[in-house]
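Structural features, examined
Below, each chain spelled out in residue letters.
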Amino acid sequence: MRHACALLLVTALLAGCGARASTDVPAATGDGDSSAGAAATDAVVDTVVALVDGDRFEAAEAAIAAALADDGTSAASRRALLFQRERMRRILIDFRLDEDDVRARLRQAIPDLRDDEFARWKTTNLLEHRVIDGRTLYFVRAVPNLFRLSPEAAARRADPKPFSQGPMESPNAHHAAITEAARESGDSNVLPRRVHVTQSITVDPDAVPAGETVRAWIPFPRAIPGQQEDIRLLESRPAQARVAPESTAQRTVYLERVSRAGEPTRFSIDYELILYAQRHTIDPDRVVPAPAAETLAPHLAERPPHIVFTPALRAFSRKVVGDETNPYRIAQKLFAAVDDIPWAGAREYSTITNISDYALHAGHADCGQQTLLLMTLLRLNGIPARWQSGMVYSDGDYWNLHDWGWMYLAPYGWVPMDVTTGRFEGATAADGSSLEWFYLGGLDAYRIAFNDDYGTGFVPAKQHFRSETVDSQRGEVEWDGGNLYFDQWDYDFEARVLPDTARTARGND
């Protein structure tokens, strides 16, 4: 009876919400419940997800509390419900500015800000916000994102500084050198260099009580022939470290350290590896549909919650692809369409129910969101696609998290794609070679891949919720008392190309 009452409560709370829920946590499994009871707990979780997505947090919390008080709620559903409670907390970290905060920040850039401008940018959601339980709350990156999304707003800045970007986001000598080396050698993997990397995590003082063990997972690359090879962990601090097996799709180095009162808790690793650039020369007329192979099937399928062939996505695909049938030319059309979505700073991925759908509708997207959208569109059109992500760096001080992907083109096999770095329209090298589609079949050598899939587990596994449920680039931290979220620690990265790397790399072939 209590189980039925809990379901009636959440059904009543959902009335008027008008949303069909989906969830990114495992569905409830039987733990002694009847099949009807298991279905009921699944329905409760779906209801709560819809309430959170509908910005009805108070109703969601009431539904969570009722379900957790119900002895019939399965262990899997309890965990899913507790994550929805945590998801609300994370959303409120991302959306924590009120209108006075946003106006004040805007006036720092636009001293003569007008009310009609503010109202227009708010109404069109160029100033990203949510109305949560009747309160209008703005995204913490709403103001800088506005200047990227609105030419009108950008032109109104008193000091119109150019937006910062990575050195690979414009065609340059490195792209030309890769193209030339690939043409002259006949190889797709070129220009190897040995790189020394230092990565660290620093937990805030007293984030964990003194004397407790802090557990950290620092992202770490695995060997990928022709992309990154000869990976050598040189040192870790603390010295005792557990490196996940090469087979781990999201590979890490696991470390433990005891917290001290009033002191930060620091973890770091040093390693070296050889990185290659890539350039696959593709003749569209040679490309044929992917074969019906068992190994490719998972890369063609839907994968809820973030790869789903929704009606809106199908309609978008039909509009972009038209009557084109050549897989490479379809990929070009989809790549260009996703590249046209403006880049903007992103919400935490763990707070988004369906990332590809979000990227399609939000009016902006970051690299991982664009990549998941492109992967979904490619799969929908019969082109296998998969995920990769890690860190990009430069010869200077620039480094950043980055996500990209791979697609399968017969007869060429797997080739890389980086839709966020995007299309260099009309760009050519000094010798006249086109660089326009460099990132649809090519990669620079200024990136390290930590992940060959998204949303997979760690070795050893975390006990508590991940801070990042999709990607793994900053790392993860926890202790027996719970997960440490991103506001409780910081991370750092440094990559340095070693001298005479080409000869060193060739010598290790």
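Refer to the preceding data block for the structure.
Because the structure is a prediction, the values reported are computed rather than measured. (Residues numbered from 1 in each chain as written. Predicted model: local features only at pLDDT ≥ 70, side-chain atom pairs only at ≥ 80, totals over all residues. Heavy atoms only, no water.)

Moving on, we get to the packing of aromatic side chains. Summed over the entire model, instances satisfying the criterion amount to 16 aromatic pairs. Relative to Tyr-138, the ring of Phe-118 has its centre 6.3 Å away and its plane inclined at 55 degrees; by these criteria the two rings are tilted. Linking Phe-118 in helix H6 (residues 115-123) with Tyr-138 in strand S3 (residues 135-139), this pair joins segments that are 20 residues apart in sequence. In this pair, the class of Phe-118 matches that of Tyr-138, namely buried. A centroid spacing of 4.9 Å and a plane angle of 75 degrees characterise the contact between Phe-438 and Tyr-439, whose relative ring orientation is edge-to-face. Given a relative accessible area of 0%, Phe-438 falls into the buried group. Here the aromatic residues Trp-217, Tyr-254 and Phe-458 are joined through ring pairs into a cluster of three or more. Between the NZ or CZ atom of Arg-157 and the centre of the ring of Phe-147, over which it lies, the distance is 5.7 Å. The positively charged end of Arg-193 is found above the aromatic ring belonging to Tyr-446, 4.7 Å away from the centroid. (Phe/Tyr/Trp six-rings, centres within 6.5 Å; stacked < 30°, edge-to-face > 60°. Helix = DSSP H or I, 4+ residues; strand = E, 2+ residues; numbered from the N terminus. Buried < 20%, exposed > 50% of the residue type's maximum accessible area, 1.4 Å probe, protein only. Lys NZ or Arg CZ within 6 Å of the ring centre and 35° of its normal.)

To continue, consider the environment of Ile-352. Tracing the backbone through its elements, the reader meets Ile-352 in the loop between helix H11 (327-339) and helix H12 (355-361). We classify Ile-352 as buried; its relative accessible area is 4%. Sequence spacing of Ile-352 and Arg-286 is 66 residues, and the spatial spacing of their C-alpha atoms is 39 Å.

Sheet topology places strand S5 (residues 213-219) next to strand S8 (residues 252-258); seven bridges connect them, and they run antiparallel. If you follow Val-214 over to S8, its bridge partner there is Arg-257. Across two bridges, strand S7 (residues 242-243) lies against S8 in antiparallel orientation. Directly across from Arg-242, in S8, lies its bridge partner Tyr-254. (Pairing = 2+ DSSP bridges.)

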